[in-house]
Amino acid sequence: MSETDSFINEVSEEVRRDRLYGYVRRYGWIAVLAVLLIVGGTAYNEYSDAQEAATAQAAGDAMLDALGQDDPEARAAALAEVDAQGEAVAVTDLLTAATQQEAGDLAAAKATLDGLAVNPDVPQIYRDVAGFKAALINLPDTDQTARRQTFEALSQPGAPFRLLALEQLAQMDVAAGETDAAITTLRAILEDAAVTRGLRERAQSLIVALGAELEQPAVAGADDSADQ
């Protein structure tokens, strides 16, 4: 390599070095800021996770302390004071309502369940459970029309408590003297593939008690045998 080429290479290298330093001086703060953001974001996430874990643990400890109360009224009051977040709210409210029922305070239990049923911060399944349980509490001043509407909403196809809601609708029909409507609803329960053994037996018993006959399932091949 000639001295001229060596000189040109050295100059080119110096120019590139000066240009790189210029870029660093001009844009280096962006890299520093990116590092700070990454580190800060990681620290914030860890802090948030730690806070959530601490909050959940505190709520769990408070719930266990409340459940340790022997007196139902004291237990219900302690559960109502638990500061729960997220899905823990649903669990706490359901336990609170159950304890209020145990203590004989049905109005308070219904109010707790009604509040949970319309709480948008908990999953739908918990709201459905609360709505169903609230409708089961039939107080003297309960609006029967609203109660029926609740069960009708829960009895729609695909709803998780559909068959249980239909059973309650049938019982409401019986109480109202609508025997035929009750029998029709009970037979719809029996025809559903998802019916449980216990619910099937209750539906069959009520149909018989209402003076109707149980429909016998068709026997496969019966028509063919008769034809022969």
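Residues numbered from 1 in each chain as written. Predicted model: local features only at pLDDT ≥ 70, side-chain atom pairs only at ≥ 80, totals over all residues. Heavy atoms only, no water.

### Structural notes on the packing of helix H5 (residues 124-136) against helix H6 (residues 144-154)
For clarity, the threshold we go by: Each axis is a line fitted through C-alpha atoms, taken for helices only over the stretch in contact, and angles between the N-to-C directions span 0 to 180 degrees. Secondary structure elements are taken from DSSP: a helix is a run of H or I of four residues or more, a strand is a run of E of two residues or more, and numbering for both begins at the N terminus. Crossing handedness: left-handed means the near helix sits turned counterclockwise from the far one by under a right angle, and right-handed means the same turn made clockwise. Residue contacts are defined here by distance: any two heavy atoms, one from each residue, within 4.5 Å place the two residues in contact. Here the nonpolar group is Ala, Val, Leu, Ile, Met, Phe, Trp, Tyr, Cys and Pro; Asp, Glu, Lys and Arg are the charged ones; every other residue, Gly included, is treated as polar.
It is the contact of H5 with H6, at a shortest axis distance of 10 Å, that shows an interaxial angle of 145°. Between H5 and H6 lies a crossing whose hand is left-handed. Side by side, H5 and H6 meet where Asp128, Gly131, Phe132, Ala135 and Leu136 of the first sit next to Arg147, Thr150, Phe151 and Leu154 of the second. Of the residues contributing to the contact of H5 with H6, the split by class is 5 nonpolar, 2 polar and 2 charged.

### Section: the side chain of Arg147
Threshold: For every residue, the accessible area (1.4 Å probe, protein chains only) is compared with the maximum for its type, and the residue is labelled buried under 20%, exposed over 50%, or partly exposed between those bounds. When charges are counted, neither His nor the chain ends are considered; positive counts come from Lys and Arg and negative counts from Asp and Glu. Here a salt bridge means any side-chain nitrogen of Lys or Arg lying within 4 Å of a carboxyl oxygen belonging to Asp or Glu.
On the secondary structure map, Arg147 appears in helix H6. Here Arg147 sits buried without a salt bridge, and the closest side chain of opposite charge, Asp143, lies 9.7 Å off (N-O distance). Residue contacts for Arg147: discarding those within four places in its chain leaves Ala135, Leu136, Asn138, Thr142, Gln168 and Met172.

### Re the packing of helix H7 (residues 162-175) against helix H9 (residues 197-209)
Defined as follows: The labels follow the angle: roughly parallel below 35 degrees, roughly antiparallel above 145, roughly perpendicular from 65 to 115, and oblique for the rest.
Across the interface, H7 lies against H9 with an axial gap of 11 Å and an inter-helix angle of 20°. One element, H7, and the other, H9, form an angle in the roughly parallel class. Crossing angle aside, the handedness with which H7 passes H9 is left-handed. Along the contact surface, H7 presents Leu163, Leu164, Glu167, Gln171 and Val174, while H9 presents Leu199, Arg202 and Leu206.

### With respect to H9
Just so we agree on the cut-off: A helix is expected to span 1.5 Å for every residue after the first. It is the directions from the helix axis to the C-beta atoms that the arc portrays.
Compared with an ideal rise of 1.5 Å per residue, which puts 13 residues at 18 Å, H9 spans 18 Å between its outermost C-alpha atoms and is within 8% of the ideal. For H9, the full list of buried residues reads Leu199, Ala203 and Ile207. For H9, the buried positions fall inside an angular range of 70° around the axis, keeping them on one side. Opposite its buried face, H9 presents the exposed residues Arg197 and Ala209, each directed more than 90 degrees away. The inward-facing, buried residues of H9 contact H7 and helix H8 (179-191). Gly211 lies just past H9 and shows a positive phi near 90°.

### Observations regarding the confidence of the model for the protein chain
Rules: On a range of 0 to 100, pLDDT expresses the predictor's confidence in each residue.
Here the protein chain averages 80 in pLDDT, and 69% of its residues register 70 or above. Every residue in residues 218-228 is under pLDDT 50, and counting partners more than four places away or in other chains gives 0 contacts.

### What about the pattern of salt bridges?
Once their charged atoms are close, side chains differing in charge can pair, the charge on each being opposite to the other. Applying the stated criterion across every chain, the model contains 7 salt bridges. As a salt-bridge pair, Glu102 and Arg75 come within 2.6 Å of each other at their nearest N and O atoms. Here Glu102, found in helix H3 (residues 87-102), pairs with Arg75, found in helix H2 (residues 72-80); they are 27 residues apart in sequence, far enough to count as distant. The exposure class of Glu102 is exposed, given its relative accessible area of 52%.

### Topic: the packing of aromatic side chains
Convention followed: Classification of ring pairs uses Phe, Tyr and Trp, with its six-membered ring standing for Trp, and accepts pairs whose centres are within 6.5 Å; under 30 degrees between planes counts as stacked, over 60 as edge-to-face, and the remaining range as tilted.
All told, the structure shown has 2 aromatic pairs when counted by the stated rule. Here Phe132 and Phe151 contribute two aromatic rings whose centre-to-centre distance is 5.9 Å and whose plane-to-plane angle is 70°, an arrangement assigned as edge-to-face. Pair noted here: Phe132 is in helix H5 and Phe151 is in helix H6, with a separation of 19 residues, a long-range link. By the burial criterion, Phe132 is buried, and Phe151 matches it. Residues Phe132 and Phe161 carry aromatic rings whose centres are separated by 5.9 Å and whose planes lie at 15° to one another, so their mutual orientation is stacked. Highlighted residues: Phe132 in helix H5 and Phe161 in the loop between H6 and H7, separated in sequence by 29 residues. Accessibility classification places Phe132 together with Phe161 in one group, the buried group. Taken together through their ring pairs, the aromatic side chains of Phe132, Phe151 and Phe161 make up a single cluster.

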